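Survey of secondary and tertiary structure
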Amino acid sequence: MSEWQRVREGVLAFALGLPEAYEDHPWGETVVKVNKKVFVFLGVDDPAGKWTPGFTVKLLSEAHGHALTVEGAAPSGYGLGRAGWVTVPFTAELPATEVLLDWVEESYRAIAPKRAVKLLDGQA
């Protein structure tokens, strides 16, 4: 398993550990959803051709600008970039894994219903 695949698996495992999160495979890609809404896109398992290994999250804080400093990172396509979605390649020099997981959690908090966020915060 390559380094980017290990990072991807760690991001996936973390995302699936969030309250009410589940894995889905629309368009042949791996995504993690909460309340039927995607909060992290992880692309295809074995990218080839037009697919570059990476992940996409919704960031509305200063993390948005930080994520865009990663080489190759860009606002997401299909108009999602205007809403704060950022695509970050796994093959770039990435910040610490904890930072990536913080980005996933921020995306989760932006998408998840309040009851799920309360579960995350231990308030339920």
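Along each chain, numbering runs from 1 in the same order as the chain's sequence is written. A pLDDT threshold of at least 70 governs which residues receive local features in this predicted model, and a stricter bar of 80 or more applies before side-chain atom pairs are shown or counted, although totals over entire chains, interfaces and linings include all residues. Processing note: side-chain calculations cover all non-hydrogen atoms of the structure and skip hydrogens and water entirely.

As a further point, take the packing of helix α1 (residues 3-16) against helix α3 (residues 97-111). Between α1 and α3, the least distance of the axes is 10 Å, while the angle of their chain directions is 40°. Between α1 and α3, the angle falls in the class oblique. Crossing of α1 against α3: the hand is right-handed. For the pair formed by α1 and α3, the contact residues are Val-7, Gly-10, Val-11, Phe-14 and Ala-15 on the first element and Leu-100, Leu-101, Val-104 and Glu-105 on the second. Broken down by class, the residue content of the contact of α1 with α3 amounts to seven nonpolar, one polar and one charged. Interaxial angles span 0 to 180 degrees and are taken between N-to-C directions of axes, which are lines fitted to C-alpha atoms, for helices over the stretch in contact. Numbering of helices and strands starts at the N terminus; helices are DSSP runs of H or I of at least 4 residues and strands are runs of E of at least 2. Angular relationships are summarised with four words: roughly parallel below 35 degrees, roughly antiparallel beyond 145, roughly perpendicular across 65 to 115, and oblique for the angles in between. The crossing is said to be left-handed when, going from far helix to near helix, the turn is anticlockwise and less than a right angle, and right-handed when the turn is clockwise. Here, residues are in contact when the closest pair of their heavy atoms is within 4.5 Å. The residue classification treats Ala, Val, Leu, Ile, Met, Phe, Trp, Tyr, Cys and Pro as nonpolar and Asp, Glu, Lys and Arg as charged. All others, Gly included, are polar.

Glancing now at the packing of aromatic side chains. Between the rings of Phe, Tyr and Trp (Trp by its six-membered ring), a pair exists once the centres lie within 6.5 Å; its type follows the angle of the planes, with under 30 degrees stacked, over 60 edge-to-face, and the other angles tilted. Tallied over the full model, the rule gives five aromatic pairs. Consider the rings of Phe-39 and Tyr-108, whose centres lie 5.1 Å apart with planes at 80°: the pair is edge-to-face. With a gap of 69 residues between them, Phe-39 in strand β3 (residues 37-41) and Tyr-108 in helix α3 connect regions that are remote in the sequence. Only protein chains enter the accessibility calculation, which uses a 1.4 Å probe. A residue is then buried if its area is under 20% of the maximum for its type, exposed if over 50%, and partly exposed in between. Owing to a relative accessible area of 0%, Phe-39 belongs among the buried residues under this scheme. Consider the rings of Phe-41 and Trp-85, whose centres lie 5.6 Å apart with planes at 75°: the pair is edge-to-face. Of this pair, Phe-41 sits in strand β3 while Trp-85 is found in strand β6 (residues 85-89), placing the two residues 44 residues apart along the sequence. Each residue in the set Trp-4, Phe-55 and Phe-90 is aromatic and connected to the rest through ring pairs, giving one cluster.

Our focus in this paragraph is the environment of Arg-6. Within the secondary structure, Arg-6 is located in helix α1. Each C-alpha atom, one on Arg-6 and one on Ala-92, is 14 Å from the other, the two residues being 86 residues apart in sequence.

Residues belong to one nonpolar core when they are buried, are Ala, Val, Leu, Ile, Met, Phe, Trp, Tyr or Cys, and are joined through side-chain atoms within 4.5 Å. Residues Phe-39, Val-40, Phe-55 and Trp-103 are the most contacted members of the largest nonpolar core, which totals 36 residues. Listed by contribution, the elements that provide at least two residues to this core are α1, β2 (31-34), β3, β4 (54-58), α2 (62-68), β6, α3 and α4 (114-120). A per-element tally of this core places α3 first, with six residues.

Now for the sheet that holds β2. Paired strands, in this sense, are two strands between which DSSP finds at least two bridges. Reading across the sheet, the six strands line up as β1-β2-β3-β4-β6-β5 and stay open at both edges, with antiparallel pairing between neighbours. The sheet is open, and its two edges are formed by β1 (21-24) and β5 (74-75), each paired on a single side. Bridge analysis of β5 against β6 gives two bridges, and the strand direction is antiparallel. Pairing of Ala-74 across the sheet is with Thr-87, part of β6.

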